[in-house]
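Remarks on the overall topology
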Amino acid sequence: MRFTNKLYAQHLGWMFKKMWQVQGKRVPTDTGAESELSNHGIKVKDIMEVATPKREFQRVEIESLVPPKHAENETHPNWHPQLCHFYGNGNVLLEGISQAQVLTKTVEIKALPKNIIDAIEKSQLPSHIDRSVYNAVMSSHVFDAEQVKLPKVKIPERPAFRPPRVYGISHQRKNRLLTNRLLAECEKLAGRSLTSRRRLLDLVNFKVTLPKDDLLLQFDVTAEKFITAARPIEPIKGRYDDDLPDLYPMKCTISMPKKHVYTTETFYPLSNRINCTHPHTVVTHFDKEFVGNLYETGVTTTQFHSRTLLKAFAVAATRAKQLYGGSALEKLPKPIVVQSIQTDGRVFHFGVFQLNTLSLEEKNVEKNYWFHESNMDLFTECGYKMGRPYLEGFNKDVFHVINAFYHNA
């Protein structure tokens, strides 16, 4: 290696940078001008005070549109010393139909009313109806254009494995499209004379609070489809009596959440001052991603049936309290009949509930009636296979029951 001469070269960029740092910190020298001006009574101000004078803003208090959150204790305005047990859209009863019978003091009859069965057997529908119902299923489950991210698929044997997300038609949209198209076919068959005495409402809320012995029960439910009529459904003829199930050692309110904070008002969506306010049929959608047990297990068949019963009971109880007020808890002048349909898009459950009494005390001998049959499958499987749409196991009897429900008066 050969040693070179020292050049003592300076980096110009570094020199300019240091020069700016030095010049930027220079302090202006005092020329005496400020003192001379002060002697003549002239006040000297900073240029920034003149260019951007300081402004004082008055603080204005604006009330928030969001109500303040209250702690759920004695300071809450809706606090009550008595606990209230709640039944809503997302929870199911642990013991299913047996618990629902004790809760609502209802006798179970495992068959539909005779007039419904006769209407199904005597119905003679046009030949094109089966094809229309078939097309309604295909259009709602396969041919609809919606493509959203579907819920995650969970494999119990491999909880840590995450399969690829699937896109398709959402469960809520499938149920809504299928229900609307099936009811539209019923309206075509009924004609204007009957449809003029029916009204269809979407996403209707019902709320009622009832005492049961030393307990307080509140039903706050939603009907995805609510059909009303100009005249109420006639009470079912006959008298039925049977012993209620024994739930010992459990209580009838097992798996029902309870709170001290609640309101006791009754809410029925329609006023008595308009026509077609009588409840006729309530249609409920079932989504396993939303409805489930507290211990995160699947919903059983009896729990599925109990949900159909309690939705009909809540609608009938809300209507009774709207018509008769507090006296409805003692004795109803006339029974209230409500038809109930629950579906997950493939399985249908049909039932008819007759409210005879709202007095749920054990000493009361009068009971309510619940007529229902086992589940009916509209189809076995529907989707795409090898890129082609298909529908297997189509059951046309399901629409016959829906049509009989719609025509029932």
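A short tour of the structure in this document, coming up. (Residues numbered from 1 in each chain as written. Predicted model: local features only at pLDDT ≥ 70, side-chain atom pairs only at ≥ 80, totals over all residues. Heavy atoms only, no water.)

Each aromatic ring pair is summarised here by two numbers: the centre-to-centre distance and the angle between the ring planes. Tallied over the entire structure, the rule returns 15 aromatic pairs. Note on Phe 219 and Phe 313: the rings are 5.3 Å apart at their centroids and 70° apart in plane angle, and the pair reads as edge-to-face. Of the two residues, Phe 219 is situated in strand β6 (residues 215-229) and Phe 313 in helix α9 (residues 301-324); the sequence distance between them amounts to 94 residues. Overall, Phe 219 belongs to the buried group, its relative accessible area being 0%. Where Phe 313 meets Phe 353, the ring centres are 5.7 Å apart and the plane angle is 85°; that geometry is what we call edge-to-face. (Phe/Tyr/Trp six-rings, centres within 6.5 Å; stacked < 30°, edge-to-face > 60°. Helix = DSSP H or I, 4+ residues; strand = E, 2+ residues; numbered from the N terminus. Buried < 20%, exposed > 50% of the residue type's maximum accessible area, 1.4 Å probe, protein only.)

A few words on the layout of surface pockets. Over the atoms rolls a probe the size of a water molecule, and in doing so it shows where empty space is left. Empty space within the largest pocket amounts to approximately 1,100 Å³. Listed by contribution, the elements that provide at least two residues to the lining of the largest pocket are β4 (167-168), α7 (171-190) and β13 (381-385). With 4 residues, the top contributor of residues to the lining of the largest pocket is α7. Broken down by class, the residue content of the lining of the largest pocket amounts to 12 nonpolar, 9 polar and 9 charged. Looking at the second largest pocket, it is lined by 19 residues, and the ones nearest its centre are Val 102, Lys 212, Asp 213, Cys 252 and Glu 362. Residue classes in the lining of the second largest pocket are distributed as 9 nonpolar, 1 polar and 9 charged. (1 Å grid on protein atoms, 1.4 Å probe; cavity = no way out; pocket = protein on both sides within 12 Å on 5 of 7 lines; lining within 4 Å. Points joined across faces, edges and corners; volume = space filled by probe spheres on them. Nonpolar A, V, L, I, M, F, W, Y, C, P; charged D, E, K, R; others polar.)

Quick look at the environment of Pro 269 now. As for its position among the elements, Pro 269 is in the loop between β7 (258-261) and β8 (278-285). When the C-alpha atoms of Pro 269 and Cys 252 are compared, they prove to be 28 Å apart, with 17 residues separating the residues in sequence.

Take the side chain of Gln 303 next. Mapped onto the elements, Gln 303 comes out in helix α9. With relative accessibility at 2%, the residue Gln 303 sits in the buried group. In this structure the side chain of Gln 303 is engaged in a polar contact, spanning 3.1 Å, whose partner is the backbone oxygen of Leu 94. Among the polar contacts made by the side chain of Gln 303, one reaches the side chain of Asn 293 at a distance of 2.9 Å. Not counting residues up to four positions away in its chain, the partners in contact with Gln 303 are Val 92, Leu 93, Leu 94, Gly 96, Asn 293, Tyr 295 and Gly 298. (Polar contact = N/O pair within 3.5 Å; in protein donor to acceptor, adjacent residues only side chain to side chain. Contact = heavy atoms within 4.5 Å.)

This part takes up unusual backbone geometry. In most cases, non-glycine residues show a negative phi, while peptide bonds are predominantly trans. For the bond from Tyr 248 to Pro 249, the omega torsion is 10°, close enough to zero to count as cis. Inspection of the secondary structure puts Pro 249 in the loop between β6 and β7. The phi torsion at Cys 276 lies on the positive side, around 55°, for a residue other than glycine. Tracing the backbone shows Cys 276 in the loop between β7 and β8. On the accessibility criterion, Cys 276 (6% relative accessible area) is buried.

Once that is clear, we can look at a nonpolar patch on the surface. A contiguous nonpolar patch, built from Leu 12, Phe 16 and Trp 20 and spanning about 450 Å² of accessible area, is present on the exposed surface. For Trp 20, the location among the structural elements is in helix α1 (residues 12-24). For Trp 20, a relative accessible area of 67% gives the class exposed. (Patch = residues over 30% accessible without salt bridge, like charges linked within 9 Å, V, L, I, M, F, W, Y side chains within 5 Å. Areas by Shrake-Rupley, 256 points an atom, 1.4 Å probe, with all protein chains shown as cover. Salt bridge = Lys/Arg side-chain N within 4 Å of Asp/Glu carboxyl O.)

Below, the discussion takes up the pattern of salt bridges. Under the definition given, this model contains 9 salt bridges. One salt bridge connects Lys 114 with Asp 118, and the closest N-O pair in it is separated by 3.0 Å. Here Asp 118 and Lys 114 lie together in helix α5 (residues 114-122), a separation of 4 residues that amounts to about one turn. Of the charged contacts in the structure, one is a salt bridge between Lys 385 and Glu 392, with a shortest N-O distance of 3.3 Å. Classification of Lys 385 as partly exposed rests on a relative accessible area of 43%.

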